[in-house]
Amino acid sequence: MFSRNRPVQYEYLDNTADIQVHAWGNTFEVAVEQCVLGMYGYISDSSHVDFDGDVTPIVIKAKGHDCLSLLYDVLNEFLCCNSTMDLLFCDVRCITPVAKDYSSVRLLGIGEKYSKEKHKQGTEVKAITYSNMQVLHKEDGVHIYVILDISRVCYKHANPTSFFQYSFSYPSETASQLLSLQITSIYPPDLPFDFPPNSLCFLYFHFH
């Protein structure tokens, strides 16, 4: 039933700020499974994820009142598995049919815990969004479009060994100019860049 090498039926589409997953399947259930795998494929390279029988499979129970709310709950429940238990999944299957009124579904996920020595770190997914979420029934099957709210700087698994905090003061008239820049472009002259690797640096700007 489960397979690490099932056909990939999802892709990533350009979006202004976040990432859009387009998944498809011959049924709504298959399209949902592929959408979950697409989300996890963005978090980490799924080809490096194996089945660990000590931590998976896990059963996900999702509820909704229509196809969009049910899809949202499925993705949110699986995302919580990553944010709270550091789980990665290599396959996901619906173990009950989606209710006709889209009120419920149960899924089974297999995978393992994240390991920085084994798994490639992708991009942290912060949340599922309803923005432009679509479920389209076409002649070739069901197509799902979901936008994921992602973190541009991912340090969830960085395990920093030290932290640094710096504060800077600027005249208030420079606030809009500074805030319009990318943070990577702001280099105050007194910021030391010789802090150790595997550390986090927090910058605080005060305007007066």
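- In the annotation of an unreviewed UniProt entry, the entry for the protein chain reads Archease domain-containing protein, and the organism field reads Blastocystis hominis.
- What UniProt states about the protein chain under its Sequence similarities (unreviewed entry) heading is, verbatim, "Belongs to the archease family."

Considering the sheet that holds strand β4 (residues 87-94)
Here's step 1: An order of β3-β5-β4 is seen for the three strands of this open sheet, with the pairing classed as antiparallel. Among the strands making up the open sheet, the edge pair consists of β3 (58-63) and β4. Taken over all neighbouring pairs, the strand axes of this sheet differ in orientation by 35 degrees on average, direction set aside.
Here's step 2: Both β4 and strand β5 (residues 104-113) contribute to a ladder of seven bridges, which runs antiparallel. Looking across to β5, one finds that Asp-91 is bridged to Ile-110.
Here's step 3: The strands touched by helix α1 (residues 28-43) within the sheet are β4 and β5, with β4 carrying the most contacts at an inclination of about 170 degrees.
Here's step 4: Strands in contact with helix α2 (residues 67-85) are β3, β4 and β5; relative to β3, the strand with the most contacts, it is inclined by about 140 degrees.

Here we look at unusual backbone geometry
Here's step 1: The linkage connecting Thr-56 with the following residue, Pro-57, adopts the cis geometry, with an omega of 15 degrees.
Here's step 2: Within the secondary structure, Pro-57 is located in the loop between α1 and β3.
Here's step 3: With a phi close to 60 degrees, Asp-86 is a non-glycine residue in the positive phi region.
Here's step 4: Relative to the helices and strands, Asp-86 is located in the loop between α2 and β4.
Here's step 5: Classification of Asp-86 by relative accessible area gives partly exposed; the value is 26%.
Here's step 6: In this model, Tyr-102 sits at a positive phi of 60 degrees, which is unusual for a non-glycine residue.
Here's step 7: Topologically, Tyr-102 is positioned in the loop between β4 and β5.

Examining the layout of surface pockets
Here's step 1: A volume near 210 Å³ is recorded for the second largest pocket.
Here's step 2: Lining the second largest pocket are Arg-4, Asn-5, Arg-6, Pro-7, Val-8, Tyr-10, Gln-34, Leu-37, Asp-45, Ser-46, Ser-47 and Cys-90.
Here's step 3: Its residues assigned to classes, the lining of the second largest pocket comprises five nonpolar, four polar and three charged.

Concerning the pairing of β3
Here's step 1: Side chains of β3 alternate between two faces, with Ile-58, Ile-60 and Ala-62 buried and Val-59, Lys-61 and Lys-63 left unburied.
Here's step 2: Note: β3 against β5, six bridges, orientation antiparallel. Looking at the pairing, Ile-58 lines up with Gly-109 of β5.

What about α2?
Here's step 1: Over its 19 residues, α2 extends 27 Å from the first C-alpha to the last, a length consistent with the 27 Å expected when each residue adds 1.5 Å.
Here's step 2: For α2, the full list of buried residues reads Cys-67, Ser-69, Leu-70, Leu-71, Asp-73, Val-74, Leu-75, Phe-78, Leu-79, Cys-81 and Asn-82.
Here's step 3: If you check the start of α2, you find a side-chain oxygen 3.3 Å away from the backbone N of Leu-68, and it comes from Asp-66.
Here's step 4: Just downstream of α2, Asp-86 is the residue with a positive phi angle, here 60 degrees.

Remarks on the environment of Phe-78
Here's step 1: Tracing the backbone shows Phe-78 in helix α2.
Here's step 2: A C-alpha to C-alpha distance of 9.9 Å links Phe-78 and Lys-61, two positions 17 residues apart in sequence.

Conventions used here
- Residues numbered from 1 in each chain as written.
- Predicted model: local features only at pLDDT ≥ 70, side-chain atom pairs only at ≥ 80, totals over all residues.
- Heavy atoms only, no water.
- UniProt positions renumbered as here; feature names shortened; annotations may be inferred.
- Pairing = 2+ DSSP bridges.
- Helix = DSSP H or I, 4+ residues; strand = E, 2+ residues; numbered from the N terminus.
- Axes fitted to C-alpha atoms, helices over the stretch in contact; angles between N-to-C directions.
- Contact = heavy atoms within 4.5 Å.
- Buried < 20%, exposed > 50% of the residue type's maximum accessible area, 1.4 Å probe, protein only.
- 1 Å grid on protein atoms, 1.4 Å probe; cavity = no way out; pocket = protein on both sides within 12 Å on 5 of 7 lines; lining within 4 Å.
- Points joined across faces, edges and corners; volume = space filled by probe spheres on them.
- Nonpolar A, V, L, I, M, F, W, Y, C, P; charged D, E, K, R; others polar.
- Expected span 1.5 Å × (residues − 1).
- Polar contact = N/O pair within 3.5 Å; in protein donor to acceptor, adjacent residues only side chain to side chain.

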